[in-house]
Amino acid sequence: MTERIDHAEASSGFIAASDHLEFHDRRLWDLRGKRDRATAAIPEWEELRTLASQIKEHTLTHLGAYLEQFERAAQANGVTVHWARDAAEHNQVVYDILAARGAKTLVKAKSMLTDECEMRAFLEPRGIEVIETDLGERIQQLDDEPPSHIVVPAVHKLRADVAEVFARTLGTDPNNHDVHYLAESQRRTTRPSFLTADAGMTGANFAVAETGAIVVCTNEGNADLSVHLPKLYIACVGIEKIIPRTEHLGVFVRMLSRSALGSPITQMTSHFRVPRPGTEMHVVLVDNGRSDRLGMDDFWSSLKCIRCGACMNTCPVYRRSGGLSYGATYSGPIGVIIDPAYNLRKYSALPFASTLNGSCTAVCPVRINIHDQIYKWRRVVAERNALPFAKKQAMKMAGKLLASPRLFRAAVEAAGAGVEYLPRVMLYNRLNAWGKQREVPQAPPQTFRQWWLAQRAKKEPR
Amino acid sequence: MSTRDEVLARLRRHPPAAVALPELPAFARGERAARGSFDDFAAALQRMGGKVAPPPAGGDVAAAVRALFPDARVLCSATAEVTGDRPLAAVRAPAELADVDVGIVRAAFGVAETGSVLLTEADLGVEALGFLAQHLVVLLDPSCIVPTLHDGYRDAAFANARYAIFMTGPSATADIEGVLIHGAQGIRSLTLLPCASAAG
């Protein structure tokens, strides 16, 4: 039986490292602020969100036809198109392309899809050296950790952590924590790999059905270096990345980096359509659960996601627990609604890693109703009897209380007294998740109902 | 059944109800076009870490580039205006450009909204020039500015390209503690040199 990810337990280590937690929270909230300023500067922002949502919904509801159109266009460009049902087939397809050409080294740009497929772990034992070339992703590769954020993979690390990783793996000065020195060390050590690698790889932010183009948005220039130097280029593309036409890129590219980092566009927005003479370009179209999700009435629209990370940056639970505590490739609010579709039991705790404050939905550039879907996953988890024991007992009790106004009032009044007089062990024990890592606030002297009754008595003297 | 046919069949099994494709509005092109000026473009590019040089004195582009990088050993140009030290026609493998200090290219147009320039395989000569060079100088006719990315994607220069990039300043990263660094993996600086094309 699959192990269940206990998000609360997994986050406890992160929460205990208070300087990390404090920085993580502040850095991501800063990105949210930058996003707000960037979007406020675009008068048609809300219209763009609606258009982006409609274009994605249209494409997803005609996905088969658009994938076929993409395939025809790509083939006409001289690109070889492959298909993969799942992660295992994706990894095998990539390996076969590399092995058939004797390729031993692969430089790659960031791709959440290849992380989802755990591709490196498949290729490396088979003699393929894989070099992640995005700085954050490289830090995570060298530290043997998955990325903790889909846009900024090493955001949970401080400069001292990076200095330690680089000293251990790249031989840099362990006492030099200067960020410029660390970034320059990665540039210096990665650059020779671009010059000699047998193959290059990118993911895709968008794939255009009309033209067969693969669109990759980066800031570091590493995707272009990965594509333009080796003689073999492989793009790994989730089937939901298709958009119909070039003109639609205007909508999505205007939104992606503004939502992610608050910049109007990424430094490099690259469109790979035709392989350069004397080289090969391959596209692997990957399903891996996406066609199943398309058939789920309540959850198919999560496939609209363009992986900007805005929902993660705004989420109080994500900011204070860190991406690694979700135990999945996709973390934060978007992960909470994607992951259970892959494995309901393993990820059954994730829909509860949310306050349902709706902030994720409010910032989503493609208008995914993220917090509604989080709530709906909770129902699915409960119906499939996948709730952990303590939560099930608590919910049973809550159900009884909430069904009876008299019991509810008595409980609320007693709770106020309870926080004041109960011994700490009753509140801060293993069964009460609300007592972990936080102090339960003092209850006000009056309950809302008591206050309301008193006010009404004042205003409407009988 | 092939994987391809199986995936397509699964997608067609329970598709959600069809949603229509919306028409894209023109996004106030009239008003924007009036504001789609070189100054807006230059300001946006500078916000993204790009530099904007004054137009070359007396129209001497090559001298202006040398003056910008007096210590550069290897200049490599894909433009008619600058000859450089490394003829691109002689390059057999892109890795040969690894020692280029300054690359010089001409962009078809700039985007006022974002400060981006469009570069295609034809503009770069060898694609890797735009990434392996330590520094890049981009020549741009200051009258060739489109207002928004929507306009950029409608341009014929984009449609005909085998490869196209909207490049917006130098390569950059903020992956360690959000500290902004220009010169991540690609070019360390991008300098825009406003000048009309010599070809007219």
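Residues numbered from 1 in each chain as written. Chains lettered and ligands numbered in written order. Predicted model: local features only at pLDDT ≥ 70, side-chain atom pairs only at ≥ 80, totals over all residues.

S.K.: So what exactly am I meant to see when it comes to the domain arrangement of chain A here?
M.R.: Where interface size is given, it is often the accessible area lost as the parts come together that is meant. As far as domains go, chain A holds domain 1 (42–288) and domain 2 (392–459). Each of domain 1 of chain A and domain 2 of chain A was reduced to a C-alpha centroid, and the two centroids are 49 Å apart. (Domains from an automatic or database assignment.)

S.K.: Please explain the interface of chain A and chain B as it appears in this structure.
M.R.: Tallying the contact residues gives 64 residues for chain A and 59 residues for chain B. Counting residues per element, the side of chain A that touches chain B draws most heavily on helix H10 (residues 179–196) of chain A, which supplies seven residues. A class-by-class count of the residues in the side of chain A that touches chain B yields 27 nonpolar, 22 polar and 15 charged. (Contact = placed C-beta atoms within 7 Å. Helix = DSSP H or I, 4+ residues; strand = E, 2+ residues; numbered from the N terminus. Nonpolar A, V, L, I, M, F, W, Y, C, P; charged D, E, K, R; others polar.)

S.K.: Just checking my understanding: could you explain the sheet that holds strand S6 (residues 135–140) of chain B for this structure?
M.R.: Within a beta sheet, neighbouring strands are joined by backbone hydrogen bonds and run either parallel or antiparallel to one another. Residue and element names in this part refer to chain B. The strand order across the open sheet built from five strands is S1-S11-S6-S3-S2, with neighbouring strands paired in parallel fashion. Two strands bound the open sheet, and with one partner strand each, they are strand S1 (51–52) and strand S2 (75–77). When S6 meets strand S11 (residues 189–194), the two strands line up parallel, connected through six bridges. Bridging across to S11, Leu136 finds its partner in Leu190. (Pairing = 2+ DSSP bridges.)

S.K.: Please explain the packing of helix H3 (residues 45–60) of chain A against helix H12 (residues 246–260) of chain A as it appears in this structure.
M.R.: Helix-helix packing: each pair is described by the crossing angle between the helix axes and the interaxial distance. Residues and elements named next belong to chain A. In contact at an axis separation of 10 Å, H3 and H12 are set at 120° when each is read in the N-to-C sense. In terms of axis orientation, H3 runs oblique to H12. Helix-helix and strand crossings are classified by hand; for H3 and H12 the assignment is left-handed. Of the residues in H12, those in contact with Leu48, Leu51, Ala52 and Ile55 of H3 are His248, Val251, Phe252, Arg254 and Met255. (Axes fitted to C-alpha atoms, helices over the stretch in contact; angles between N-to-C directions. Parallel < 35°, antiparallel > 145°, perpendicular 65-115°, else oblique. Left-handed = near helix turned anticlockwise from the far one by under 90°.)

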